[in-house]
Amino acid sequence: APVGGRAPPLCGLVVIRRVARCAGRSPALAAALADEIGRPGEGIDQWASDRIRRRTSDLRHDMLNIRRTLSPLRDAIRQVVDDRIDFEGEEVFTREVELNFAAVYDKLLRATDGIDLARDLVAGARDYHQAKVANDQNDVMKRLTVIASVLLLPQFNVGLSCHTFGHIPPPPWPKRHAFRWGP
């Protein structure tokens, strides 16, 4: 129980150990996410589009959930470091505990930066995948254009000489081909 508005030193140390344990795992979690992001980056050329889209979506949701957890914790610890948590002008934690909170705040800040970097890596992998899909579609369109161009001339000749319908005779006037081509 607080004595004169101040928490006993042992209470502050218990709280900081719990928070430090959580914060100590955060940079490792950010590094694990960065490694996981490398896998879709390496597999973009081999994996199916659905798998890549699903994996990048899962990674983005995981990072969002981690940020939702880390950001309020970081903000709360920042209030302790800034001495904004006081009871009627008296400090709640000792100076030693506040310095430990500052160290934990720095760890959480680095972890948040790591999560931001991982988010940028996922966005880059997603952009690369989209560009690759667009280039593949462009290659398909080039092939289809060549095929259409090759088949256009024979179709034009067949239509010009009225071989499409054998029972329809060509018009009797002399400039009938110019009329069929249009003005």
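Before going into details, it helps to say that this report is about the structure given with it. (Residues numbered from 1 in each chain as written. Predicted model: local features only at pLDDT ≥ 70, side-chain atom pairs only at ≥ 80, totals over all residues. Heavy atoms only, no water.)

**Let's talk about the overall build of the protein chain**
1) Next: Counting its regular elements, the protein chain contains four helices and two strands.
2) Next: Within the protein chain, the fraction of its 183 residues that count as buried is 22%.
3) Next: As presented, the protein chain carries roughly 12700 Å² of accessible surface, and 59% of it is formed by carbon and sulfur atoms. (Helix = DSSP H or I, 4+ residues; strand = E, 2+ residues; numbered from the N terminus. Buried < 20%, exposed > 50% of the residue type's maximum accessible area, 1.4 Å probe, protein only. Areas by Shrake-Rupley, 256 points an atom, 1.4 Å probe, with all protein chains shown as cover.)

**Thoughts on the pattern of salt bridges**
1) Next: By the definition in use, this model includes seven salt bridges.
2) Next: As a salt-bridge pair, aspartate 50 and arginine 53 come within 2.4 Å of each other at their nearest N and O atoms. A residue pair is termed a helical-turn pair when its members lie 3 or 4 positions apart in one helix, as aspartate 50 and arginine 53 do in helix H2 (residues 49–81) at three residues.
3) Next: On the basis of relative accessible area, aspartate 50 is assigned to the partly exposed category, the value being 45%.
4) Next: Linking aspartate 136 and lysine 132 is a salt bridge whose minimum nitrogen-to-oxygen distance equals 3.3 Å. Placement of both aspartate 136 and lysine 132 in helix H3 (residues 95–160) is noted, with a separation of four residues, approximately one turn of the helix.
5) Next: Look at aspartate 136 and you get partly exposed, because its relative accessible area is 38%.
6) Next: Take lysine 132: its relative accessible area is 24%, and that puts it in the partly exposed class.
7) Next: A single network of salt bridges, built from pairs that share partners, joins Arg67, Asp116 and Arg119. (Salt bridge = Lys/Arg side-chain N within 4 Å of Asp/Glu carboxyl O.)

**Some remarks on the nonpolar core**
1) Next: Leu33, Met63, Ile77, Phe101, Val104 and Ile115 are the most contacted members of the largest nonpolar core, which totals 23 residues.
2) Next: Put simply, the parts of the chain that give this core at least two residues each are helix H1 (9–43), H2 and H3.
3) Next: For this core, the element with the most residues is H3, which contributes nine residues.
4) Next: If near-sequence neighbours (up to four positions away) are discounted, isoleucine 115 is found in contact with Ala30, Leu33, Met63, Ile66, Arg67 and Leu70. (Core = buried A, V, L, I, M, F, W, Y, C linked by side-chain atoms within 4.5 Å. Contact = heavy atoms within 4.5 Å.)

**Describing H2**
1) Next: Taking 1.5 Å per residue, 33 residues should reach 48 Å; H2 reaches 47 Å between its end C-alpha atoms and fits that length.
2) Next: Regarding H2, the residues found buried are Ile52, Thr56, Leu59, Met63, Ile66, Leu70, Ser71, Arg74, Ile77 and Val80.
3) Next: With its phi angle positive at about 60°, aspartate 83 sits one or two positions after the end of H2. (Expected span 1.5 Å × (residues − 1).)

**Considerations on the packing of aromatic side chains**
1) Next: Going through the model one piece at a time under the given rule, you end up with zero aromatic pairs.
2) Next: One residue, arginine 51, lies across the ring of tryptophan 47, its end atom 3.9 Å from the ring centre. (Phe/Tyr/Trp six-rings, centres within 6.5 Å; stacked < 30°, edge-to-face > 60°. Lys NZ or Arg CZ within 6 Å of the ring centre and 35° of its normal.)

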